[in-house]
Amino acid sequence: MRRLEADLAEATGLALADFDVLAQLAQAGGELRMAELADRALISRSGMTRRVARLVDEGLVRRANADSDRRGVVVALTDAGVARLAETAPVHLRAVSEMFVARLDEQELAVLKGALDKVVVDCTFG
């Protein structure tokens, strides 16, 4: 994970945790309540608040009060966030492929494919 983090940051300037936040928002249709985003990204709520504040400063996400509950905070991708995610996703996927998938032989890949076919993942962004 450290190598994945370093490679992504070096190639794109984006931290792996920031990429995860953007990807979680994209996977959820573009926005999530702050608490749900923290749960999905496996970051503490206070850590997520600081991370989102930095992403807001970079123009990649925006924060707003939830319409249904003025106490809740919604985090949403901006157009710049979608563009940044689209540019960094191929870099991240290449690194995952090189560091993990390429190390498996055909039999191991078949077993992994069989297991993952049971899980549906939508990797479209935006």
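One can find the structure itself at the top, above this paragraph.
Residues numbered from 1 in each chain as written. Predicted model: local features only at pLDDT ≥ 70, side-chain atom pairs only at ≥ 80, totals over all residues. Heavy atoms only, no water.

**Here's the deal with the nonpolar core**
Link 1 in the chain: With 27 residues, the main nonpolar core has Phe19, Leu25, Leu37, Met48 and Val61 as its most contacted residues.
Link 2 in the chain: Elements that contribute at least two residues to this core include exactly α1 (2-12), α2 (16-27), α3 (34-41), α4 (45-57), β3 (73-77) and α5 (79-99).
Link 3 in the chain: With 7 residues, α2 is the single largest residue contributor to this core.
Link 4 in the chain: When residues no more than four places from it in sequence are discounted, the contact partners of Phe19 are Leu8, Leu14, Leu85, Thr88, Ala89 and His92. (Core = buried A, V, L, I, M, F, W, Y, C linked by side-chain atoms within 4.5 Å. Buried < 20%, exposed > 50% of the residue type's maximum accessible area, 1.4 Å probe, protein only. Helix = DSSP H or I, 4+ residues; strand = E, 2+ residues; numbered from the N terminus. Contact = heavy atoms within 4.5 Å.)

**Regarding the pattern of salt bridges**
Link 1 in the chain: Across all of its chains, the model carries 6 salt bridges by this definition.
Link 2 in the chain: Measuring nitrogen to oxygen at the nearest pair gives 3.1 Å for the salt bridge that ties Glu36 to Arg40. A residue pair is termed a helical-turn pair when its members lie 3 or 4 positions apart in one helix, as Glu36 and Arg40 do in helix α3 at 4 residues.
Link 3 in the chain: Taking the relative accessible area as the measure of exposure, Glu36 reaches 35% and is therefore partly exposed.
Link 4 in the chain: A salt bridge links Arg94 to Glu98; its shortest N-O distance comes to 3.4 Å. Taken together, the positions of Arg94 and Glu98, both in helix α5 and 4 residues apart, correspond to about one turn of that helix.
Link 5 in the chain: Its relative accessible area of 44% is what places Arg94 among the partly exposed residues. (Salt bridge = Lys/Arg side-chain N within 4 Å of Asp/Glu carboxyl O.)

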